[in-house]
Amino acid sequence: RREVSEHVREAKSRFGLHNVMGKSKAMERVLELVRKVSQSGATTVLIRGESGTGKDMIAKAIHYDSDRAERPFMNITCTALQDTLLESELFGHERGAFTDAKVQKKGLFELADGGTVFLDEIGDMSPTLQAKLLRALEERAFKRIGGTTDIRVNLRVMAATNRELETLITEKKFREDLYYRLNVITIDVPPVRDRRDDVPQFV
């Protein structure tokens, strides 16, 4: 227990809200919302902003300033893996579920129970996986690949994107029902050009 607490203290010192740089009015509004979200019971958060605006830092600040801090923070980039591998990373698989599944594997949703899963670049997730993610968010339950039993978890799921999800919905590339499920609380991280008062701090 002491080792866990020391790990959490170290993580908070590195990733807590106090480490998110920005004193401009634009960032003050963002950080105030981050404070409220971290202390709330919100289980779904959408973080939007251009590449390089620090969406991952915002996600970590929410986690490590919340009562979930002692539980895992798991993050994955949705464009990093092909569909089958990404599904396995998220939800796990049973032994023999596919050719290379030689042992049972727990996914990030299961490993992060009680904590947070951060899905970066959610706008690039395939429609097939979007449907499975929607079910997991609605029911707080999922099955491992090849599994028959529901696994129930208590998670905060945060998703980030630099894409216009509304446009992707119009183009039939992103599920509208998943968008509304994710878009319960939205944090828009402004680009540096809209927060020039923060440049000296960055320097």
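Below is a summary of the structure that appears in this document. On a predicted model such as this, the values are computed, not experimentally measured, just so you know. (Residues numbered from 1 in each chain as written. Predicted model: local features only at pLDDT ≥ 70, side-chain atom pairs only at ≥ 80, totals over all residues. Heavy atoms only, no water.)

1. Topic: the overall build of the chain
Part 1: When helices and strands are tallied, the chain shows nine helices and seven strands.
Part 2: Scored against the burial criterion, the 203 residues of the chain give a buried share of 47%.
Part 3: For the chain, the proportion of contacts with a sequence separation of at least 24, taken over those separated by at least 6, is 74%.
Part 4: Put simply, the chain shows about 11,000 Å² of open surface, and 47% of that area lies on carbon and sulfur atoms. (Helix = DSSP H or I, 4+ residues; strand = E, 2+ residues; numbered from the N terminus. Buried < 20%, exposed > 50% of the residue type's maximum accessible area, 1.4 Å probe, protein only. Contact = heavy atoms within 4.5 Å. Areas by Shrake-Rupley, 256 points an atom, 1.4 Å probe, with all protein chains shown as cover.)

2. A few points about the pattern of salt bridges
Part 1: In this structure the tally under the stated criterion is 13 salt bridges.
Part 2: In this structure, the salt-bridge partner of K105 is E89, at a minimum N-O distance of 2.3 Å. Residue K105 is located in the loop between α4 (83-91) and α5 (108-111), and its partner E89 is located in helix α4; the two are separated by 16 residues in the primary sequence.
Part 3: R144 is the salt-bridge partner of E110, the closest N and O atoms lying 2.8 Å from each other. Taken together, the residues span a long stretch of sequence, with E110 in helix α5 and R144 in the loop between β4 (141-142) and β5 (151-152) at a distance of 34 residues.
Part 4: The exposure class of R144 is buried, given its relative accessible area of 11%.
Part 5: Residues joined by salt bridges that share partners form a network here, namely R135, E139, K143 and D150. (Salt bridge = Lys/Arg side-chain N within 4 Å of Asp/Glu carboxyl O.)

3. Observations regarding the packing of aromatic side chains
Part 1: Summed over all chains, the structure comprises six aromatic pairs.
Part 2: Taken together, a centroid distance of 6.0 Å and an interplanar angle of 80 degrees make the contact between F109 and F142 edge-to-face. Here F109, found in helix α5, pairs with F142, found in strand β4; they are 33 residues apart in sequence, far enough to count as distant.
Part 3: Classification of F109 as buried rests on a relative accessible area of 2%. (Phe/Tyr/Trp six-rings, centres within 6.5 Å; stacked < 30°, edge-to-face > 60°.)

4. Focus: the pairing of strand β6 (residues 156-161)
Part 1: For β6, the buried fraction is high: six of the six residues fall into the buried class.
Part 2: Residues of β6 alternate between two faces, with R156, M158 and A160 on one and V157, A159 and T161 on the opposite face, all of them buried.
Part 3: Of the strand pairs in this sheet, strand β1 (residues 44-48) and β6 are connected by five bridges, and their pairing is parallel. Its bridge partner lying in β6, R48 is registered against T161. (Pairing = 2+ DSSP bridges.)

5. Describing the nonpolar core
Part 1: The biggest cluster of nonpolar side chains holds 31 residues, and the ones touching the most others in it are L90, F109, L119, I122, M125, L133 and F174.
Part 2: Those elements giving two or more residues to this core turn out to be α4, α5, β3 (116-120), α6 (127-139), β6, α7 (165-170) and α8 (176-182).
Part 3: The element that contributes the greatest number of residues to this core is α6, accounting for five residues.
Part 4: Ignoring any residue separated from it by four or fewer positions in sequence, one finds F109 in contact with L90, F91, V117, L133, A136, F142, V153, L155 and V157. (Core = buried A, V, L, I, M, F, W, Y, C linked by side-chain atoms within 4.5 Å.)

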